[in-house]
Amino acid sequence: MRLEVADDIAGNSVNLEAVVSTQSTGEDPMVLPFLELLPQAKIDAVPSNVVRYFKSHLPFELLPVTSQNKVVFCVRDPLDVCLSYYKFTKTLDILTGPVHLSFDEWFEDFVAGYVCYGDWFDFVLPYWQSPRPNILVISYEGILAEPEKNIIRVAEFLGFSTTTAEVAEIKEKIQFKNMKKELVAKGTDAAASIMRKGHQGEGRECLTPRQKRLFYEKFKKRMANTGIDLYSY
């Protein structure tokens, strides 16, 4: 049995379907919904010779990572996550309670870890620091800056070889506007509505000087001695 998992936080998932659909694996891969939303019986019902691709928002300690599966973890600038997550909850009218939070209130809760899925650092660092060879960490910013390089990284990690034409096809499929257009074409307008811009750096533009200082103080403290550079992935 092989289980491939694309993990993410705040909706920044890797489009593994685009990689899988261009490959000939010798098997019929099955792309399934979020792992945490599926009943165990449905997961177990999939034949063992079928490669299964799940998305997930599960934290490291709850994700079933074994030597038999692979995990692609996509990390994003936490300030962009903060803004995107806020807009997500506002769009779907969830998680913000009967009295909707302002962005300033949401920011305070995000930095304190008082949001669904908890503290950003507690969520991402276990993946980042895991020594397991079957976990690949990539960044949203890296995908935007060097899509071809990261497409090849993901494909090779999953055991695929890619041609220049396939990389170009995948690059086109994972363009933000094309992913959104595909959701609309499938009739999933609600899902498409939460895809806003896909831009980089918008989060910090919304912050006051005090908020920036508050966040960067925590960032420096939590990332100290990790040897991790957010923008090197």
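All values derive from a computational prediction rather than experimental measurement.

*Asks:* Give a detailed account of the environment of P64, specifying residues and quantitative values.
*Replies:* Secondary-structure assignment places P64 in the loop between β3 (51-56) and β4 (69-75). Take P64: its relative accessible area is 39%, and that puts it in the partly exposed class. With 29 residues separating them along the chain, P64 and L35 place their C-alpha atoms 9.9 Å apart.

*Asks:* Before we move on, can you summarise the packing of helix α4 (residues 103-112) against helix α12 (residues 209-223) with the specific residues and values?
*Replies:* Relative orientation of the contacting elements α4 and α12 amounts to 10°, with a least axis distance of 11 Å. As summarised for this structure, α4 and α12 are arranged roughly parallel, according to the angle between their axes. Facing D104, F107, E108, V111 and A112 of α4, the residues of α12 in contact are R210, Q211, L214, F215 and K218. Among the residues making up the contact of α4 with α12, the classes are represented as five nonpolar, one polar and four charged.

*Asks:* Before we move on, could you go through the packing of helix α7 (residues 147-157) against helix α8 (residues 164-173) and cite the residues and values that matter?
*Replies:* Put simply, α7 and α8 touch, their axes get as near as 10 Å, and they point 110° apart. When the interaxial angle is binned, α7 and α8 end up roughly perpendicular. The residues of α8 that touch α7, namely those facing P147, E148, I151 and I152, are V167, I170 and K171.

*Asks:* Would you mind going over α8 in detail, with residue names and values included?
*Replies:* The periodicity of an α-helix, 3.6 residues per turn, causes residues three or four positions apart to be oriented the same way. For α8, the complete set of buried residues consists of E166, V167 and I170. When α8 is viewed along its axis, its buried side chains cluster within an angular range of 100° and face the same direction. Looking at α8, the residues exposed on the side facing more than 90 degrees away from the buried face are T164 and A165.

*Asks:* Hey, could you go over the packing of aromatic side chains for me, with residue numbers and the actual values?
*Replies:* Under the definition given, this model contains 14 aromatic pairs. When the ring of Y86 is compared with that of W106, the centres are 5.9 Å apart and the planes differ by 50°; the resulting orientation is tilted. Of the two residues, Y86 sits in helix α3 (residues 78-92) while W106 sits in helix α4, which places them 20 residues apart along the sequence. On the basis of relative accessibility, which here comes to 9%, the residue Y86 falls in the buried class. Plain terms: the ring middles of F121 and F219 are 5.9 Å apart, the flat faces sit at 65° to each other, and that makes the pair edge-to-face. Pair noted here: F121 is in helix α5 (residues 120-128) and F219 is in helix α12, with a separation of 98 residues, a long-range link. Three or more aromatic residues joined by ring pairs form one cluster here, namely W120, F121, W128, F215, Y216 and F219. The side chain of R76 reaches across the aromatic face of Y140, ending 4.1 Å from its centre.

Thresholds, definitions, all that
Residues numbered from 1 in each chain as written. Predicted model: local features only at pLDDT ≥ 70, side-chain atom pairs only at ≥ 80, totals over all residues. Heavy atoms only, no water. Helix = DSSP H or I, 4+ residues; strand = E, 2+ residues; numbered from the N terminus. Buried < 20%, exposed > 50% of the residue type's maximum accessible area, 1.4 Å probe, protein only. Axes fitted to C-alpha atoms, helices over the stretch in contact; angles between N-to-C directions. Parallel < 35°, antiparallel > 145°, perpendicular 65-115°, else oblique. Contact = heavy atoms within 4.5 Å. Nonpolar A, V, L, I, M, F, W, Y, C, P; charged D, E, K, R; others polar. Arc of directions from axis to C-beta. Phe/Tyr/Trp six-rings, centres within 6.5 Å; stacked < 30°, edge-to-face > 60°. Lys NZ or Arg CZ within 6 Å of the ring centre and 35° of its normal.

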